[in-house]
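Geometric and topological summary
Listed below, chain by chain, are the residues.
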Amino acid sequence: MIVASILFSRLFSSVMNRTKWTVGKVLVRAKELLREKGISQHGRDAEEMLSVLLNLSRVELYTSLDRPMNLEELEEYKAMLRRRMAGEPLQYITGFEWFWKHRFKVTPQVLIPRPETEILVAQAIAFIDDTKEPSPLVCDVGIGSGAILGSVLADRGHVLGVGTDVSYEALKVAKENLLRLKVMERCSLVCTCLMRGIRPEERFSVVVANMPYVSSSEMGSLQREVAMEPRIALDGGPDGLFWISQLVLQVAHHLKPGGMLAIEISPQQVDKVKLLFKGKGYDGMKVLKDHLGRDRVVTVVRTKER
Ligand code: GLN
């Protein structure tokens, strides 16, 4: 801590001594500082923050190593570095994350979209393509940043969407992202817990959800960065399945016969999740693995003869 703060002040003290800080020199020092703090991807993080600040791509940074940085830029970069050194996720500092094919705005009010959640997008799109419905209705329960629904709507222009979230702040972020993707005119957002505020007669072809599924015991041992994400988006109660089980109850009324529910789960929950659907009028259950080979997504289809 002390070593880091000495190094940190040195990074900028020589500015006062009129030493020229260039992109190259600043990057070397910033990477050292982040490494000292035990940040595993220190190189990527230092570069990403600087490229956002200077509005240069990471490749352009490397062709601008001799570009001098002015005092204002140095101050701003210092503030970003301080936040990252305190464990704040990179994406909250830069303000965005890439997901599927798009850049989504993220704030500390929403979960940062993860690559494994792209499985939900792929499943929803494949299902929609298969059904060949003229204008299928998709519901994203707990929409957060809007990454899932935004990706589906952007890829398939005939799809209509509904997104729900109990967090009004999250819905504001989702709306910004959906507007930027130019899909907001095909979408409505509802501030409600799961599907409670949806009209009883509404039936969806696809329901996707990345519910909070971290169990209470795991909540205490989250990685420093994850612990700074909204608890409301992570905490799934004692066994992590509180919200998923609520959704399974509510979704029964809102899925068309032949419609699909796709949910993200924690790999340890797969057997319990399978039981939740048993004898409840679903078939064609699929369990999909993430890029690390862990069970991550469960899909079921509402039985047709209902
Ligand atoms: N993927 C998150 C994690 O690894 C959990 C997200 C969630 O609860 N839906 O902690």
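Below, the structure is looked at part by part. (Residues numbered from 1 in each chain as written. Predicted model: local features only at pLDDT ≥ 70, side-chain atom pairs only at ≥ 80, totals over all residues. Heavy atoms only, no water.)

Points about the overall build of the protein chain
The helix and strand inventory of the protein chain stands at twelve helices and nine strands. When the backbone C-alpha atoms are referred to their principal axes, the protein chain occupies close to 80 × 40 × 35 Å. Out of the 306 residues in the protein chain, the part that is buried amounts to 53%. The contacts in the protein chain between residues at least 6 apart in sequence include a share of 65% that link residues at least 24 apart. Per element, the accessible surface of the protein chain, about 14,600 Å² overall, is 54% carbon and sulfur. (Helix = DSSP H or I, 4+ residues; strand = E, 2+ residues; numbered from the N terminus. Buried < 20%, exposed > 50% of the residue type's maximum accessible area, 1.4 Å probe, protein only. Contact = heavy atoms within 4.5 Å. Areas by Shrake-Rupley, 256 points an atom, 1.4 Å probe, with all protein chains shown as cover.)

Details of the site of the ligand
Around the ligand sit L111, R114, N210, M211, P212, Y213, V214, V226, A233 and L234, and those are all the residues in its vicinity. At a separation of 2.6 Å, a nitrogen atom of the ligand approaches a polar backbone atom of M211. With respect to the ligand, the backbone of Y213 contributes an N or O atom lying 3.0 Å from an oxygen atom. Protein chains bury 86% of the 300 Å² of accessible surface belonging to the ligand in isolation. (Near = heavy atom within 4 Å. Polar contact = N/O pair within 3.5 Å; in protein donor to acceptor, adjacent residues only side chain to side chain.)

Quick look at the pattern of salt bridges
Taken as a whole and judged by the stated rule, the model has 23 salt bridges. D129 is paired through a salt bridge with R156; the nearest N and O atoms lie 2.8 Å apart. Here D129, found in helix α7 (residues 118–131), pairs with R156, found in the loop between α8 (147–155) and β4 (160–165); they are 27 residues apart in sequence, far enough to count as distant. Residue R156 is classed as partly exposed on the basis of its relative accessible area of 23%. Linking R199 and E202 is a salt bridge whose minimum nitrogen-to-oxygen distance equals 2.8 Å. Taking relative accessible area as the criterion, R199 reaches 48% and is therefore assigned partly exposed. (Salt bridge = Lys/Arg side-chain N within 4 Å of Asp/Glu carboxyl O.)

A closer look at the environment of G150
As for its position among the elements, G150 is in helix α8. Since its relative accessible area comes to 0%, G150 is described here as buried. For G150, the contacting residues outside a window of four places in its chain are L178 and L181.

Section: the packing of helix α2 (residues 23–36) against helix α3 (residues 42–54)
Following both chains from N to C, one finds α2 and α3 inclined at 135 degrees, their axes separated by 8 Å at the closest point. In terms of axis orientation, α2 runs oblique to α3. The crossing of α2 and α3 is right-handed. Listed contacts from α3 to V23, L27, A30, K31, L34 and R35 of α2 are H42, G43, D45, A46, E47, M49, L50 and L54. Residue classes in the contact of α2 with α3 are distributed as eight nonpolar, two polar and four charged. (Axes fitted to C-alpha atoms, helices over the stretch in contact; angles between N-to-C directions. Parallel < 35°, antiparallel > 145°, perpendicular 65-115°, else oblique. Left-handed = near helix turned anticlockwise from the far one by under 90°. Nonpolar A, V, L, I, M, F, W, Y, C, P; charged D, E, K, R; others polar.)

Section: unusual backbone geometry
Although it is not a glycine, W100 adopts a positive phi angle of roughly 55 degrees. Phi is positive for L194, close to 50 degrees, though the residue is something other than glycine. Relative to the helices and strands, L194 resides in the loop between β5 (187–191) and β6 (204–209). Residue L194 is classed as buried on the basis of its relative accessible area, which comes to 8%.

Description of the nonpolar core
V138, V152, V206 and V208 are the most contacted members of the largest nonpolar core, which has 30 residues in total. Going through the elements one at a time, α7, α8, α9 (168–180), β6 and β7 (255–264) are the ones with two or more residues in this core. If we skip the residues at most four places from it in the chain, V152 touches V121, A124, I125, I128 and V159. Ranked by size, the runner-up nonpolar core spans 29 residues in total, among them C193, M211, I244 and L261. (Core = buried A, V, L, I, M, F, W, Y, C linked by side-chain atoms within 4.5 Å.)

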